[in-house]
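# Understanding the architecture of this molecule
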Amino acid sequence: MHQIVQAIILGVLIGGVYALMASGLTLVFGIMKVINVAQGALVILAAYLSYWLFSHLGIDPFLSILVVAPAMFVLGVAVQLVFVRSLRGPDASELSLLVTWALALGIEGVLSVFFKTTFRSTLPSYADRSWDVLGYNVGFVRVLAFGTSAVLLILLSLLLTRTRFGRAVRATVQNPTAATLLGVDANRVQTLSFGLGVSMAAAAGAVYGVIYPFNPGSHYDLISRLLSIVVLGGLGSLGGAVVAALAMGVIEAIVAVEISPIWASFSFFVVLITFLLVRPQGIFGLRERTL
Amino acid sequence: MTRNVVRLAALAGGGALLAAALTVSGSAATKAGPLKIGISLSLSGDFSDSGKAAQRGYKLWANVVNAKGGVLGRKVQLIVQDDTSSPTQAATNYQNFITKDKVDLVFGPFSTLLSAPSAAVANRYGYAFIEPAGGGPAVFKEKLHNVFFTQPAPVLQSADVFAKFLLSLPKSQRPKTAAYPSLDDPFASPIADRVRSLLEKAGVKTTYKTIYPSETTDMGPIIQKVAAGHPDAVIGGTQNNDAFAQVKAMVQQKFSPKFVFLTNGPNDPAEFPSKVGAKNVNGIFATGDWFPEAKSPGNAAFVAAYHKAYGAGAIDPTSAEAYAAGQVVQDVAAKTHSVDNKKVIATLHTGSWPTVEGVLRWNSIGEPQGSDLLVEWINGKLYPVYPSNVALHKPVVPKPAWGG
């Protein structure tokens, strides 16, 4: 039992970070039906930026979010204006897959040139610290990562529910045509939301670099996980992404401890497929979307 | 009429083949001029970093030996072809070296993947295949008589030295239990499995063993399971990235076993401290085939020549392995006054051969019969600590606590 509880603690803490990464992906899909498969590469790009700021200027990786997230917001806006906005018509979703995949490969290539392909880690002085809570081991960095993710997700959710911009976003999700008729500038909402999605990836990337070693190719594994989370949660649902990410973290940790690490990733996909057979729209998909 | 033409053509073709074969086999013995050595190297593609490191070693050997008048009075001329990290291209390159360029000798490419098919080509033409970087089972399973791997031990046996070291300790210091978390990789988990079987035979109890897939990023749950068994030793078959993650997870979970051995990762002096934190490296063991400070034959001269030629940066062991291939040929030539392939093969199967990789000797299928070096991080530096005749520092056991 002790083992399982310890695994659940580890799983929840990691799931929180994945939720933050997936939030941008699901937000962008909800608003413009664009599947941004560059989300993983953007996370890794941010991890490198944060790593660079830490190793060259000594800026704490968690504080570096304040620099990296706005910078990547601007990048996201630029990407949306240059690459994504021009995609129109019934094939826009499929085309967006290709365009964002090209972006992912481009980011990977540029990072390989500048940082080489060796694995990097952002290692602040407190990286090894951990607490014993009632006999359970709780890593300080993981708690900090989980806490940061939770705060950012709450801020995002407040932005979407309590502000004028958020109302415009939700209106665009529900019915773009009606929203436009009522005076919402759909183009502006889409551009800003894409930037917001990328800045979420940026924040997650800074955190990711502290927990895991990464190299430019790390985004392949990341994006497959993120897409699974978003699909399980229900495409476009922020709450769904959070629940699904936590579920993934916990399922993988328990299976790794109790059965074998070989089955850890696989077991999550079994859950995903079984769930989708029963409920194809995901946990909070379409009809019950709570964005 | 037609049948006659066919027969004639067949005869002519056969004759040409025979003539070609005669030229090839006779070339080494009769030719003067430069001593041509054909080498296929991965100068582009996945293995290009290591391929270039091998090239530096080969070139350095050629320059050093040419400065002293060459081999048997003949200047060494390396004919290097890029194989783009592709096994089929490597095999084609060796075919061309032997049949078109009519080289005197060939040296091996980088990695087991490329060495295995290339060794078969060399074998077909009776060429010795002295190779620095193909130490995996695929190279030896064909049981070729012409292969000579210029490292101290085959890759799968590389960690046996750790088991020997543990069993050499007084009984009170030996671990009684061990856990084996290993990566699902042909060059990782089988190495740890061998150590496990050696230790189990000697009575070291296995508390836990598992194999994790390469996409495992989070070592937390695995190390949690390892720690739950309270083993004295953690012995992991690893590549670099997962080794770093294992150590980080152990530190975070405040689990500090008496012995930590990881097959790869800790033996990278540049990367390891930066990945796990410089204060967490002490007491961790790994293995290596070569070290700049090693007292092996000709090593100091090699290191000095390398730095003179390529600057002060760290030396990739692959360069030393390639250099050793050259040393072997030089010694055979000095001993037998010949670089005829048949003679080289027969000679290398007898005796032992001093190189920067240590004193090498091979069994009938080219597996080196020595032992890798056991290395340990002591006071933030990596030292060879066992076998004792090559040790540069006394091993420190048990491992100090993390941060110590």
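Residues numbered from 1 in each chain as written. Chains lettered and ligands numbered in written order. Predicted model: local features only at pLDDT ≥ 70, side-chain atom pairs only at ≥ 80, totals over all residues.

Before going further, it helps to spend a moment on the overall build of chain B. Across its full length, chain B holds 13 helices and 14 strands. Over its C-alpha atoms, taken along the principal directions, chain B stretches across nearly 85 × 50 × 35 Å. The contacts of chain B with a sequence gap of at least 6 include a subset with a gap of at least 24, amounting to 71%. (Helix = DSSP H or I, 4+ residues; strand = E, 2+ residues; numbered from the N terminus. Contact = placed C-beta atoms within 7 Å.)

Of the regular secondary structure elements, chain A holds eleven helices and two strands. A compact globule built from 291 residues would reach a C-alpha radius of gyration of about 19 Å, and chain A, at 19 Å, matches this within 12%. Along the first, second and third principal axes, the C-alpha set of chain A runs to 60 × 50 × 35 Å. Taking all 291 residues of chain A together, 53% fall into the buried category. Partitioning the intrachain contacts of chain A with sequence separation of at least 6 by distance along the chain shows that 79% fall at a separation of at least 24. (Rg over C-alpha atoms; globule rule 2.2 N^0.38 Å. Buried ≥ 20, exposed ≤ 12 C-beta atoms within 10 Å, placed from the backbone.)

To continue, consider the interface of chain B and chain A. Listed by partner, the interface residues are 27 residues for chain B and 24 residues for chain A. Elements that contribute at least two residues to the side of chain B that touches chain A include exactly β7 (205-212), α8 (220-228) and α9 (240-252) of chain B. Partitioned by chemical class, the residues of the side of chain B that touches chain A number ten nonpolar, eleven polar and six charged. (Nonpolar A, V, L, I, M, F, W, Y, C, P; charged D, E, K, R; others polar.)

Let's shift gears to the sheet that holds strand β5 (residues 147-149) of chain B. Residues and elements named next belong to chain B. Strand order in the open sheet formed by five strands is β2-β1-β3-β4-β5, and the pairing between neighbours is parallel. Pairing within the sheet leaves two strands with one partner each, and these edge strands are β2 (76-82) and β5. Shown here is a sheet whose adjacent strand axes are inclined to one another by a mean of 25°, direction ignored. Sheet analysis places strand β1 (residues 35-41) next to strand β3 (residues 105-107), joined by three bridges and oriented parallel. The partner of Ile-39 across the bridge, within β3, is Phe-107. Across the sheet, helix α12 (residues 317-336) touches β3, β4 (129-131) and β5, and the angle it forms with β4 is around 140°. (Pairing = 2+ DSSP bridges. Axes fitted to C-alpha atoms, helices over the stretch in contact; angles between N-to-C directions.)

Residue and element names in this part refer to chain B. Here we have seven strands laid out as an open sheet, ordered β7-β6-β8-β9-β10-β13-β14, and mixed in their pairing. Across the chains shown, the open sheet's two edge strands, defined by having one partner strand only, are β7 and β14 (381-386). Recorded for the sheet is a direction-independent mean angle of 25° between the axes of neighbouring strands. Across five bridges, strand β13 (residues 373-378) lies against β14 in antiparallel orientation. Among the inter-strand pairings, Glu-376 is bridged to a residue of β14, identified as Tyr-383. Strand contacts of α8: β6 (177-183), β7 and β8 (233-236), with the helix running at about 170° to β7, the strand carrying the most contacts.

With that settled, the discussion passes to the domain arrangement of chain B. Residues and elements named next belong to chain B. Domain annotation of chain B identifies domain 1 (26-156 + 295-360) and domain 2 (159-288 + 372-386). Taken residue by residue, the interface counts seven residues in domain 1 and eight residues in domain 2. A class-by-class count of the residues in the side of domain 1 that touches domain 2 yields six nonpolar, one polar and no charged. (Domains from an automatic or database assignment.)

So, on to the nonpolar core. Soluble globular proteins tend to bury their nonpolar side chains together. One finds Val17(A), Leu42(A), Ala46(A) and Val106(B) to be the most contacted residues of the largest nonpolar core, which totals 215 residues. Here this core gets 17 residues from one element, more than from any other, and that element is helix α1 (residues 2-32) of chain A. There are two domains that each give this core at least three residues, and those are domain 1 (26-156 + 295-360) and domain 2 (159-288 + 372-386) of chain B. Sequence-distant contacts of Ala46(A), defined by excluding residues within four places in its chain, comprise Val68(A), Met72(A), Ala201(A), Ala202(A), Gly205(A) and Ala206(A). (Core = buried A, V, L, I, M, F, W, Y, C linked by C-beta atoms within 7 Å.)

This next bit is on the pairing of strand β10 (residues 284-288) of chain B. All names here are of chain B. Most of β10 sits inside the fold, with five of its five residues counted as buried. Relative to β10, strand β9 (residues 259-262) runs parallel, the two sharing two bridges. Bridging from a neighbouring strand, Val-260 pairs with Ile-284 of β10. Sheet topology places β10 next to β13; four bridges connect them, and they run antiparallel. Note that in β13 the partner of Thr-287 across the bridge is Leu-374.

Per-residue pLDDT for chain B has a mean of 90; in total, 92% of the residues score no lower than 70. Ignoring residues within four places in sequence, the model shows residues 13-30 of chain B, a span with pLDDT below 50, making twelve contacts including any to other chains. (pLDDT = per-residue confidence, 0-100.)

Residue and element names in this part refer to chain B. Residue Tyr-386 is joined to Pro-387 through a cis peptide bond whose omega torsion reads 0°. Looking at the secondary structure, you find Pro-387 in the segment after β14. The omega torsion of the bond from Val-397 to Pro-398 falls at -10°, within 30 degrees of zero and hence cis. By the secondary structure assignment, Pro-398 is in the segment after β14.

Further remarks concern the confidence of the model for chain A. In this model, chain A carries an average pLDDT of 89, and 98% of its residues clear a pLDDT of 70 or more. The element-level mean pLDDT for chain A is lowest in strand β1 (residues 130-133) of chain A, coming to 84, with helix α2 (residues 39-57) of chain A highest at 96.

Another aspect to go through is the environment of Val189(A). Residue and element names in this part refer to chain A. Structurally, Val-189 is set in helix α8 (residues 186-211). For Val-189, a count of 22 C-beta atoms within 10 Å corresponds to the buried category. Along the sequence, Val-189 and Phe-115 sit 74 residues apart, while their C-alpha atoms lie 34 Å from each other. Residues contacting Val-189, with those up to four places away along its chain left out, are Ile-31, Ala-168, Val-169, Thr-172 and Val-184.

The next point concerns the environment of His307(B). Along the chain, the position of His307(B) falls in helix α11 (residues 299-310). Each C-alpha atom, one on His307(B) and one on Thr177(B), is 44 Å from the other, the two residues being 130 residues apart in sequence.

Quick look at helix α9 (residues 219-233) of chain A now. An α-helical turn contains 3.6 residues, so any two residues separated by three or four positions project in the same direction. Residues and elements named next belong to chain A. Here α9 contains 15 residues, and its C-alpha end-to-end distance of 21 Å stays within 8% of the 21 Å for a straight helix at 1.5 Å per residue. Counting buried positions over the 15 residues of α9 gives eleven, a clear majority of the element. Listing the buried residues of α9 in full gives His-219, Leu-222, Ile-223, Arg-225, Leu-226, Ser-228, Ile-229, Val-230, Val-231, Leu-232 and Gly-233. Its buried side turned inward, α9 meets α1, α2, α4 (92-115), α10 (238-258) and α11 (264-278). Backbone geometry just after α9 places Gly-234 at a positive phi near 105°. (Expected span 1.5 Å × (residues − 1).)

Residues and elements named next belong to chain A. Two elements in contact, helix α6 (residues 164-174) and α8, have axes whose closest approach is 10 Å; the angle formed by their N-to-C orientations is 105°. The orientation of α6 relative to α8 falls into the category roughly perpendicular. For the pair α6 and α8, contact is made by Ala-168, Val-169 and Thr-172 and by Ala-186, Val-189 and Ser-193, respectively. (Parallel < 35°, antiparallel > 145°, perpendicular 65-115°, else oblique.)

Right, let's get into the environment of Tyr220(A). Structurally, the position occupied by Tyr220(A) is in helix α9. Residue classification places Tyr220(A) among the partly exposed residues on the basis of 13 C-beta atoms within 10 Å.

Moving on to the pairing of β1(A). Residues and elements named next belong to chain A. Bridge count for β1 against strand β2 (residues 136-139) is four bridges, and the pairing is antiparallel. The residue bridging Trp-131 from the neighbouring strand is Val-138, located in β2. Hairpin remark: β1 followed by β2, antiparallel, with two residues in the connecting loop; positive phi at Leu-134, about 50°.

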